[in-house]
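Descriptive analysis of the structure
Letter by letter, the chains look like this.
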Amino acid sequence: MSAAAATVSPSAAENPLTEGLERLPVPATTLVIFGATGDLARRKLLPALYNLAHDGALPERFHLVGVSRREKPHEDYRAECMEAIRQFSRRTPDEDVLESLLEQVRYVPGVFDDDEVYASLAEVLEDFERQAGQPLARIFYLSTAPAFFPVIVEALGREGLAHRDGGGAEGPPAGAGEQDERQVAVIIEKPFGTSLAEASELNQRVLSVFEESQVFRIDHYLGKETVQNMMAFRFANGMFEPLWNRNYIDSVQITAAEDIGIGGRAGYYDRAGALRDLIQNHMLQLLCHVAMEPPASFTADEVRNEKVKVLHAIHAPSADEVARMAVRAQYGPGRAGGSEVSGYLEEEGVREDSNTETFAALRLEVDNWRWAGVPFYLRAGKRLARKVTEIAVTLKPVPHLAFSQEGSLGIRPNQLVLTVQPNEGVSLQLGAKIPGTRMSIRPVNMEFLYGTSFLSQSPEAYERLILDAMRGDATLFTRNDEVEAQWQICDPIVSAWEAEPGPLPQYEAGSQGPRQARELMAEGHAWRSI
Ligand code: BG6
């Protein structure tokens, strides 16, 4: 983007990403997207870049390079980027901002294991640096099939593209001036391995080229406003912390329900399943946000140290324990969005005898002083009644109830619900007296809704995450030991499930999920309605 784009921005002053935040500088950057024509790039990354440009959050000098298989001229790639942004951006694009963002976009065709690609890429990067008269930060975004992650990283290392010194392999660009170090980082999409062994191997290969501080493993849930708000909620308010432990909290329930099926993703999903797709990453992260100790400061390592401690405190089940603490199922035919939909086994691309779960539920325990004995119930599934991601924290019932239950509409323990999406907000369920001459009580909600308290639209997760990676702030990214600790919890479940023959229990598409999920619940506990 030329300098003009930064000044075109209509709303830099209202930018929700930078407003009130410590402004870490964003250096002049070239962002290289591998897998540039893929779905993620079109639906999320390009629109996120546009919205950052719109908010004036990109550096004055920002360049975009797409790398993908098919041959095409830069102009065609540019037109595709424009179309993707027009189709998927949360805001209707301002044509001047769009033009300016994509003015100098470059496209490098080729297969990722061909060294020629990296030689062409080096030329493009050096050309931008020559124009700038200084080294530019380089961010390599790996938005490809996971098999290419180590291939690309190793090629970047071999070709000298991961070098921090201003000259890379070729010596400093003309006019490099006094600035002779550049930031170089790699952003790696999920899935980060499909098991502990794979994740460790991938970590080793990535860390043979980059230092951990240069590696940004994406879990897009960490970029969601409401997930970050969990930190604000817990650590900026004095009233919750005294209650936030086994003495007052009875159980925690985390739900990530989706109404969609697997769409055109059978190739990936049928090998992954709900546990690997959503629980190993997003849901364990949500759990960490509920269970972690207050970090000493909001810096990448302090925050991630606390999350890793939680993950290490989670009891990974033995093979015999899996049946008691984990349930899986597959959606059968049913209704979604007002029409008939087919079951998982009839989806295109799914093996007809597939044992892949589209629903998984777990009961986990965090074995430490704060949480011993408090069940954490997690469930994630496709083709459920509606899309909702929420964390419900149920408090213990009062020790003695002085009121008669007669005439009351159910006196329930207090429940705090943090809704991640949709209708982002926090709601606290309390018992209140029903107006009238009798002492009757019913549950009422005290609500905070993002939409009504803050009038600005929340940025998309990818906006925040791309900007943080450019700033070199890894707080909202998964560290190497963190991702391995997540697999350590899930591996035994995957192995036990793989060893068991199918077919899996089915649940009706559009329903609340399989009845077997109820069996995980301790006495007196129940899943919330989706
Ligand atoms: C992705 C999963 O990581 O998260 C998808 O691969 C899932 O299967 C998606 O649909 C859910 O993300 P969100 O932001 O829509 O809740």
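Preceding block: the structure.
Definitions and limits used
Within each chain, residues carry numbers counting from 1 in the order of the written sequence. Whole-chain, interface and lining totals are the exception, using all residues; otherwise, since this is a predicted model, local features are given only for residues with pLDDT of at least 70 and side-chain atom pairs are given and counted only at 80 or more. Computation of side-chain values covers all heavy atoms of the structure but excludes hydrogens and water. Throughout, the term near means that a residue has one or more heavy atoms lying within 4 Å of the molecule or strand in question. In the analysis that follows, any N or O atom pair within 3.5 Å is treated as a polar contact, provided that within protein one partner can donate a hydrogen and the other can accept it, and provided that, for residues neighboring in sequence, both atoms belong to side chains. Working definition of accessibility: Shrake-Rupley area with a 1.4 Å probe, residue cover restricted to the visible protein chains. Under the scheme applied here, ten amino acids are nonpolar (Ala, Val, Leu, Ile, Met, Phe, Trp, Tyr, Cys and Pro), four are charged (Asp, Glu, Lys and Arg), and all others, including Gly, are polar. The rule is simple: take the accessible area with a 1.4 Å probe, protein chains only, and divide by the maximum for that residue type; under 20% is buried, over 50% is exposed, in between is partly exposed. For the purposes of this entry, the term helix denotes a DSSP run of H or I that reaches at least four residues, the term strand denotes a run of E that reaches at least two, and both are numbered from the N terminus. Two strands qualify as a pair provided DSSP detects at least 2 bridges between them. What makes two residues a contact is simply this: any of their non-hydrogen atoms within 4.5 Å. Pairing of aromatic side chains requires ring centres within 6.5 Å, counting the rings of Phe and Tyr and the six-membered ring of Trp. Pairs whose planes differ by under 30 degrees are stacked, by over 60 edge-to-face, and all others tilted. Here, a charge over a ring means that NZ of Lys or CZ of Arg falls within 6 Å of the ring centre while also lying within 35 degrees of the ring normal.

As a matter of local geometry, the ligand sits amid Lys190, His220, Tyr221, Lys224, Glu258, Arg265, Asp277, His282, Lys382, Lys387 and Gln421. At 2.7 Å from an oxygen atom of the ligand is found a side-chain nitrogen or oxygen belonging to His282. Within the side chain of Lys382, a nitrogen or oxygen atom sits 2.7 Å from an oxygen atom of the ligand. Relative to its free-state accessible area of 390 Å², the ligand is covered by the protein chains to the extent of 82%. When the residues that make up the shell around the ligand are grouped by side-chain class, the tally is 1 nonpolar, 3 polar and 7 charged.

As a further point, take the pairing of strand β8 (residues 326–336). Most of β8 sits inside the fold, with 9 of its 11 residues counted as buried. Taken together, the 4 bridges between β8 and strand β10 (residues 359–365) define a ladder with antiparallel strand orientation. Counted as the bridge partner of Val327 is Ala361 from β10. In terms of strand pairing, β8 meets strand β9 (residues 339–341) through 3 bridges, oriented antiparallel. Paired with Ala336 across the strands is Ser339, a residue of β9. Connecting β8 to the antiparallel partner β9 that follows it, the hairpin turn spans 2 residues, and Gly337 within it adopts a positive phi of roughly 55 degrees.

Our next topic: the environment of Val186. Inspection of the secondary structure puts Val186 in strand β5 (residues 184–188). Sequence-wise, Val186 and Thr92 are 94 residues apart; in three dimensions their C-alpha atoms are separated by 30 Å. Filtering out sequence-adjacent residues up to four positions away, Val186 remains in contact with Phe140, Leu142, Val153, Phe210, Gln214, Val215 and Phe216.

Glancing now at the packing of aromatic side chains. Under the definition given, this model contains 16 aromatic pairs. Through successive ring pairs, a cluster of aromatic residues spans Phe34, Phe112, Tyr118, Phe140 and Phe148. One cation-aromatic arrangement involves Arg217 over Phe192; the distance from NZ or CZ to the ring centre is 5.1 Å. Sitting above the plane of the Tyr221 ring, Lys224 keeps its charged end 4.7 Å from the centroid.

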